[in-house]
Amino acid sequence: MNFKSIEFFQYRCFMDGILTFGEKDEDDRSINLIIAENGGGKTELLFAFPWVLYDFDFSTLSTKEATPYSLNSEIYRKLLTSSNGCVDACWVEIKFFHDMNTYTLKKIETYDKVEGHPTIQSKVKKELSVKLESGVTNPPITDQKCIDKILNEMIPRKVLNGIIFDGERMQKLASSDERSVDGVKGVIFDVTNQEKIEYLLDVIKTVEDNINKDIAKAKRGTGSRKIDIFTNKIQSLECNITNNKRLFENAERELNVCKSTLDDISLQLKKYDEIKELESKRIEAEKNLKRILGEIEDSVDHFNIELNLSGFALVIDEILKDAQGIIESFDVPKGLNVQAVDSILKKGKCICGEELSHEKITTLCSLREFLPPDNVNSALLEQIDSLKNNKENSRVRLNQYRSHIKKLDLEKTKLDGEITFYRSQISLSKIGDSKELEAKRSELYSRKAELTTLINRLPDEINADTIEANSYRSDKDALIVKAEISEKLAVKWKFINKTKKATEQLRDDLQKMALQKINENLKKSYREITASSEIGRDVHLVHTIERPGIKYRVVNYYVESVLNYYHNANWEILCTKYGLDFNNLSDSQKEELAILENAVGKSTGQSKVVAIPFAKAILDYSCSKKEDEIQGEKMYPFLIDAPFGDLSGDNLRNSAKKLHSFSNQVILMISPDSYNMVKDYIEPYVRSTVKLTKAASKNESIIGVE
Amino acid sequence: MSIVDNILRDLDFKENEIELYTKIKMEVFLKLSNEDKKTLVSRIEKMIDQEYSE
């Protein structure tokens, strides 16, 4: 690829304008010259490319920290003091050629003075359009990711870093201290595109970590020990279940027995109650019997008394009959009695009507004294009637007594029967003591309650144990599956581990080869540039001694000194000094140890004369065919700022002479003074020249074509 | 034989493993700039899963 042009609008120190670039023509002219005084915008121009392509951060540039924005400083300051809502923008447009297509990449940054913000807010927008070989221009692409992808395929960010050499970087590479190590390491890292392989390694390690996590997860729950634990738990639970089932069956059986016994006891107690009732009835019957007997006795007594008193009347019926006949046959007026006399006396007249005389009255009164209340017949008759009546009454009473005694006797007989029955029933019932039965019943009730609780509880326990056992079974099954998964994971881990090793090996091998190649390129370029001025001196990129501050160091040395040293060196001491394993010391490491021990200091010019071949070595490496598909092998432009400043003599001449061969497109930024020094060697290869002039009134660079 | 082939051979990669490794490598290199790592890792894991589930 090569750059066609770069155009600015309100961008940093540049006045609006365009710079065009060409690539090597048939006359071998590849240098695009940018001439500017110091502070004229050379470095600014150099970093405009990475700003457009990969959003270069200006604040990383020394001396540019105060202006980390793309907008022209003057406009930026005006915007800063303007009222809220003011907007301004800048843009840079790069045209470049790649694979027969012309790409136009425009980056616009809009600055907005937002209300409430102390600083200016900026927003970036990129547009990439492609003009195909056929002349057709595709619509611009604005998706950042898509643009990055296309750019990364054409000129990877790291490659871009490997082809841009500014003064600061050159200084860093040329220095004799450890800063050069960092510089060289950075460039090599960029140009060998190690980011890709490191990213691959990072991704592989992440996959490995994930597999490890899966394995750990699987292992956490696997292993025969864990399975054994589960098996034991299942067995223990099964044992519990069996015991509980047996317990349940026994409890059920016992409960039935208990219930049956309780029924028996209840029955017995019922019988007991019945017997108690019988007993009570018996007592009652005996009591009644006793009463009846008493009553009978009384009745018999009454009967006897009655019989004694009136019994004779029953047998004097004939006597009375005879007596009555006799009386009736006697002349005793029936009815002559005191009452009759009293009646006559009261009337004062006789029955015949004759008036009673005093005498008669006295006779009557005397008679009256002798007369019974009734007359004798009447009295006897009355007595007989009375006796008859008494006889009847006595008969009635005796009959009543007899009936009553009979009735009582019947009752007695009944009660005797009942008592005999009760006694027989009571004597037949062989029941225990009711208290004992009650106690037993109470005990059985407690046991029944216990058994019922147990019977209610056991199914739940059995169920819970069954669920738990099933859960363990399922866990165990899962473990068995996990164990199988672990095996699968182990296979995957084995693969990813091999992959990691392979990638690490690949990274190391590629780096080793890249460093060897860059070292070769460096030596070759160095010899070309310093052929006559630095006789006997050589340069070396340390790459086999893995020690911080040593690896990647670019050192100058005299070949002869190193050769002499090599044959007499004490490698063991050197190994100790550089922290190497003496037993595994390689020839390359020996050579590097000898070089390091014989390194010579670099003057500023000598340092610069190392930096330029190093830049060429890097560029040559970028463009060379690689051992793998990771690194590109494309031709890239070479952008270099002030390379000749500290060079002189043959070094200056040779560097200048060789510069055009560094790439098909060299964009060289140089001061007029430096250019004048190398003009004779550069001018034949100059493709285009642009002058950057600092405007007198403003702090701006004016782009002008010469 | 390329440097990668030599390394893979030395590490006893089988044919299917070489193929898978190449696929992974290309997947990473192709998606380097426009895909987040998580998605990429996930896809590579799927590739490996697929290979070892067969």
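Residues numbered from 1 in each chain as written. Chains lettered and ligands numbered in written order. Predicted model: local features only at pLDDT ≥ 70, side-chain atom pairs only at ≥ 80, totals over all residues. Heavy atoms only, no water.

Caption draft 1: Region of interest: the overall build of chain B. A count of helices and strands for chain B gives three helices and zero strands. Taken from N to C terminus, the helices and strands of chain B fall in the order α-α-α. Out of the 54 residues belonging to chain B, those deemed buried represent 39%. (Helix = DSSP H or I, 4+ residues; strand = E, 2+ residues; numbered from the N terminus. Buried < 20%, exposed > 50% of the residue type's maximum accessible area, 1.4 Å probe, protein only.)

Caption draft 2: Summary view of the confidence of the model for chain B. Residues and elements named next belong to chain B. Scored by pLDDT, chain B has a mean of 83; 85% of the residues are at 70 or more. Per-element confidence in chain B is highest for helix 1 (residues 3–10), whose mean pLDDT is 88, and lowest for helix 2 (residues 15–30), whose mean pLDDT is 86. Interface scoring of the predicted complex returns ipTM 0.95; its pTM is 0.56. (pLDDT = per-residue confidence, 0-100.)

Caption draft 3: Quick look at the interface of chain B and chain A. Taken together, the contact between chain B and chain A spans 28 residues of the former and 31 residues of the latter. Between D49 of chain B and K492 of chain A there is a salt bridge; the shortest N-O distance is 2.2 Å. Remark: the boundary between chain B and chain A carries seven residue pairs in polar contact (both at pLDDT 80 or more). Secondary structure elements with two or more residues in the side of chain B that touches chain A: helix 1, helix 2 and helix 3 (37–53) of chain B. (Contact = heavy atoms within 4.5 Å. Salt bridge = Lys/Arg side-chain N within 4 Å of Asp/Glu carboxyl O. Polar contact = N/O pair within 3.5 Å; in protein donor to acceptor, adjacent residues only side chain to side chain.)

Caption draft 4: Structural detail: the pairing of strand 11 (residues 638–641) of chain A. Residues and elements named next belong to chain A. Burial of the side chains of strand 11 extends over both faces: F638 and I640 are buried on one face and L639 and D641 on the other. Note: strand 7 (residues 164–165) against strand 11, two bridges, orientation parallel. Counted as the bridge partner of I164 is L639 from strand 11. Sheet analysis places strand 11 next to strand 12 (residues 666–670), joined by four bridges and oriented parallel. Residue pairing for strand 12: L639 is matched across the bridge by I667. (Pairing = 2+ DSSP bridges.)

Caption draft 5: Region of the structure containing the pattern of salt bridges. Residues and elements named next belong to chain A. Enumeration over the complete set of coordinates arrives at 35 salt bridges over all chains. Between R12 and E44 there is a salt bridge; the shortest N-O distance is 2.6 Å. Of this pair, R12 sits in the loop between strand 1 (2–9) and strand 2 (17–20) while E44 sits in helix 1 (residues 42–54); the two residues are 32 residues apart in sequence, bridging distant segments of the chain. This pair shows no difference in class: R12 is buried, exactly as E44 is. Among the ionic pairs, D508 bridges to R507, the shortest N-O distance being 3.1 Å. Shared partners join several salt bridges into a network, and the residues in it are E279, R282, E286 and R423.

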